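As a plain string of letters, each chain reads:
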Amino acid sequence: MDGATKPVLDAWFDAYRTVIQEYKIMQENTYNMDESGFSIGTMESTRIILDSTFRTKHQAHPGRQEWVSMIECICADGTILPPLGIFKGKNVLQNWIPNEVLDKWFFSANTKGWTSNLHGLEWLKRVFEPATRAKANGQQRFLICDGHDSHISGSFIAHCLQNQITLLILPPHTSHLLQPLDAAIFGPLKKRLTAALSHLNQAQLAYIQARSEACTQQNIESAWRGAALRTMVLDTTPELERPRTPTEFDIFDQVFVNSSPPDATSLRSANELLNSTINSDAIPTTPVRRYIRKLTAGAEQLQARSIVHQHDANNLRSIIKKRTNRTKKKRVVLKGQFHVSTQKLCDAVAAAEKDTKTRARKRRKKKGKGISYETESEGDIEEGTQDEFQSDTEYCIIADVE
């Protein structure tokens, strides 16, 4: 993906190290949060063997299809916080929640079953801040999350500033590399969820079982190692490189590191050195030498083709990016920023959200031929208008069904 380039990753890791050193972040105060959604009725694609002679048509997704989002958060010390489940509906009904987690997990609802700016702020206030306050004991907390709208709203950033929470945002299209939850938690979780659904009638019970099996301390620690973050939290002292004597064979390592795709001149030099080395060595047999020569010649041909294809692909990406480029002002404000929990950025995001809301209202008035709308649409709420809501609002509404 475009976002996972070496300069972008280097800049993000520099910001990561700076935060750890500046705020003296401890392992037990380092967290990663993200949302994972699933539809009740099926989790992961499953292969089913059928008789090809049957003419019967089969549905790909059996059972009722209702979307549920779960906000999970893991710590670098191997622990996990209680999740926030978001059901599809206006209210959370008590019979939706299993007794096993009624007093331990948190639940909310909206009309789509997706997270929004309101739910991101709700999770921060109801789950994360209270659950991590005692362990932090006055120390700075470090929260890593992706750039979803609900993680970069003005209210979300402001609450982080007010409660000693440093917020670090992942670059676009890099969560598969840098996010611990994606590295080793959500994958095993969905596999176990699929297996649990095969013998459990309720998806809620299946998720409880799958979560307990997938979110172990070993898996969580492995997730942080997989994202190359845990060692930097444990030891922030930079390692000194051992001095070494350069050799002519260093070009083998440089060809595929210094450029992508590799420079044609460097590739040719490396191939020439490889061929001369093989010719001077009596161990490789003639067929091996012949094959390696063909391999190096073929690599140069593929290199030329790769450059042409890469050029075409870049042109196509440029066209697509121009068509799908997001013009939301707060995205422009935060572009290239990773450590976003600063007062300057918080004020800029709040101003951008206010401007976006004003322009949206003007567009609605123009579309409605001058008629002023007093009510807020659901889209406005998801775009970050939660500042107008009282902070003490009770988010989780539980009702009994007759």
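Owing to the predicted nature of the structure, the values given are computational and were not obtained by experimental measurement.

Criteria and thresholds
- Residue numbers restart at each chain and count upward from 1, following the sequence in its written direction.
- In keeping with the predicted nature of the model, local features appear solely for residues at pLDDT of at least 70, side-chain atom pairs appear and are counted solely at 80 or more, and the whole-chain, interface and lining totals rest on all residues.
- By convention in this description, side-chain values take in all heavy atoms of the structure and omit both hydrogens and water.
- Here, nonpolar core means buried Ala, Val, Leu, Ile, Met, Phe, Trp, Tyr and Cys residues that are tied together by side-chain atoms lying within 4.5 Å of each other.
- Throughout, exposure labels follow a simple rule: accessible area from a 1.4 Å probe, protein chains only, divided by the maximum for the residue type, with under 20% read as buried, over 50% as exposed, and the rest as partly exposed.
- Secondary structure is summarised from DSSP: a helix means a run of H or I of at least four residues, a strand means a run of E of at least two, and numbering begins at the N terminus for each.
- Any two strands with at least two DSSP bridges between them are considered paired.
- Per-residue confidence from the predictor is reported as pLDDT, which spans 0 to 100.
- Two residues form a contact once any of their heavy atoms are found within 4.5 Å.
- Every definition here rests on a 1 Å grid over the protein atoms only: cavities are sets of points where a 1.4 Å probe fits but cannot get out, pockets are open sets enclosed by protein on both sides within 12 Å along at least five of seven lines, and lining residues have some atom within 4 Å of a point.
- Grid points are joined across faces, edges and corners, and a volume is the space filled by probe spheres set on the points.
- Three residue categories are used. Nonpolar comprises Ala, Val, Leu, Ile, Met, Phe, Trp, Tyr, Cys and Pro, charged comprises Asp, Glu, Lys and Arg, and polar comprises the others, including Gly.
- The criterion for an aromatic pair is that two Phe, Tyr or Trp rings (for Trp, the six-membered ring) have centres within 6.5 Å, with stacked assigned to planes under 30 degrees apart, edge-to-face to planes over 60 apart and tilted to the rest.
- Any two cysteine sulfur atoms within 2.5 Å of one another count as a disulfide.
- Here a helix's expected span is defined as the number of its residues, less one, multiplied by 1.5 Å.

A. The arrangement of the nonpolar core in detail. In terms of nonpolar packing, the biggest core is built from 44 residues, with Trp12, Tyr16, Phe142, Ile144, Leu168, Ile185 and Leu229 touching the most fellow members. Those elements that place two or more of their residues in this core are helix H1 (6-23), strand E2 (66-75), strand E5 (106-110), strand E6 (141-145), helix H5 (180-184), helix H6 (186-197), helix H7 (203-214) and helix H8 (217-226). For this core, the leading source of residues is H1, giving seven residues.

B. Representation of the pairing of strand E3 (residues 84-88) in the model. Of all five residues in E3, four are buried, a share of seventy percent or more. Bridge analysis of E3 against E5 gives five bridges, and the strand direction is parallel. Paired with Leu84 across the two strands is Phe106, which belongs to E5.

C. Looking closely at the confidence of the model for the protein chain. Mean pLDDT over the protein chain works out to 76, with 68% of the residues at or above the 70 mark. No element of the protein chain has a lower mean pLDDT than strand E8 (residues 398-399), which averages 34, and none a higher one than E6, which averages 96. A low-confidence stretch, residues 234-241 (pLDDT under 50), is modelled with three contacts involving residues beyond four sequence positions or located in other chains.

D. Looking closely at empty space enclosed by the protein. Counted by the stated rule, this structure contains two cavities of 30 Å³ or more. Forming the walls of the second largest cavity are Ser36, Gly37, Phe38, Leu189, Lys190, Leu193 and Tyr207. Of all the secondary-structure elements, those providing two or more residues to the lining of the second largest cavity are strand E1 (30-40) and H6. Residues of the lining of the second largest cavity, tallied by class, amount to four nonpolar, two polar and one charged.

E. Just H8, in detail. Buried within H8 are the following residues: Asn219, Ile220, Glu221, Ala223 and Trp224. Residue Ala228 follows H8 closely and has a positive phi angle near 60°.

F. Structural detail: unusual backbone geometry. Despite not being glycine, Asn137 has its phi angle at roughly 50°, a positive value. When you line up the elements, Asn137 lands in the loop between helix H2 (117-136) and E6. The exposed category is assigned to Asn137, whose relative accessible area is 67%. The phi dihedral of His173 falls on the positive side, at around 65°, and the residue is not glycine. The residue His173 is located in the loop between strand E7 (165-169) and helix H4 (175-178) in this model. Since its relative accessible area comes to 45%, His173 is described here as partly exposed.

G. Summary view of the packing of aromatic side chains. Under the counting rule described, the total for this entry stands at seven aromatic pairs. For the pair Tyr16 and Phe142, a centre-to-centre distance of 5.6 Å together with 40° between the ring planes defines the contact as tilted. Of this pair, Tyr16 sits in helix H1 while Phe142 sits in strand E6; the two residues are 126 residues apart in sequence, bridging distant segments of the chain. Like Tyr16, the residue Phe142 is buried in the burial classification. Chaining the aromatic ring pairs together yields one cluster made of Trp12, Phe13, Tyr16 and Phe142.

H. Main features of the state of the cysteines. Applying the stated criterion across every chain, the model contains zero disulfides. The thiol sulfur of Cys160 is not disulfide-bonded, and the nearest other cysteine sulfur, from Cys145, lies at 7.6 Å. For Cys160, a relative accessible area of 0% translates into the label buried. There is no disulfide at Cys346, and the cysteine sulfur nearest it, in Cys160, is 9.1 Å away. With relative accessibility at 5%, the residue Cys346 sits in the buried group.

I. View of H1. Between its first and last C-alpha, H1 extends 26 Å over 18 residues, near the 26 Å set by a 1.5 Å rise per residue. Positive phi shows up at Lys24, right after H1, with a value of about 55°.

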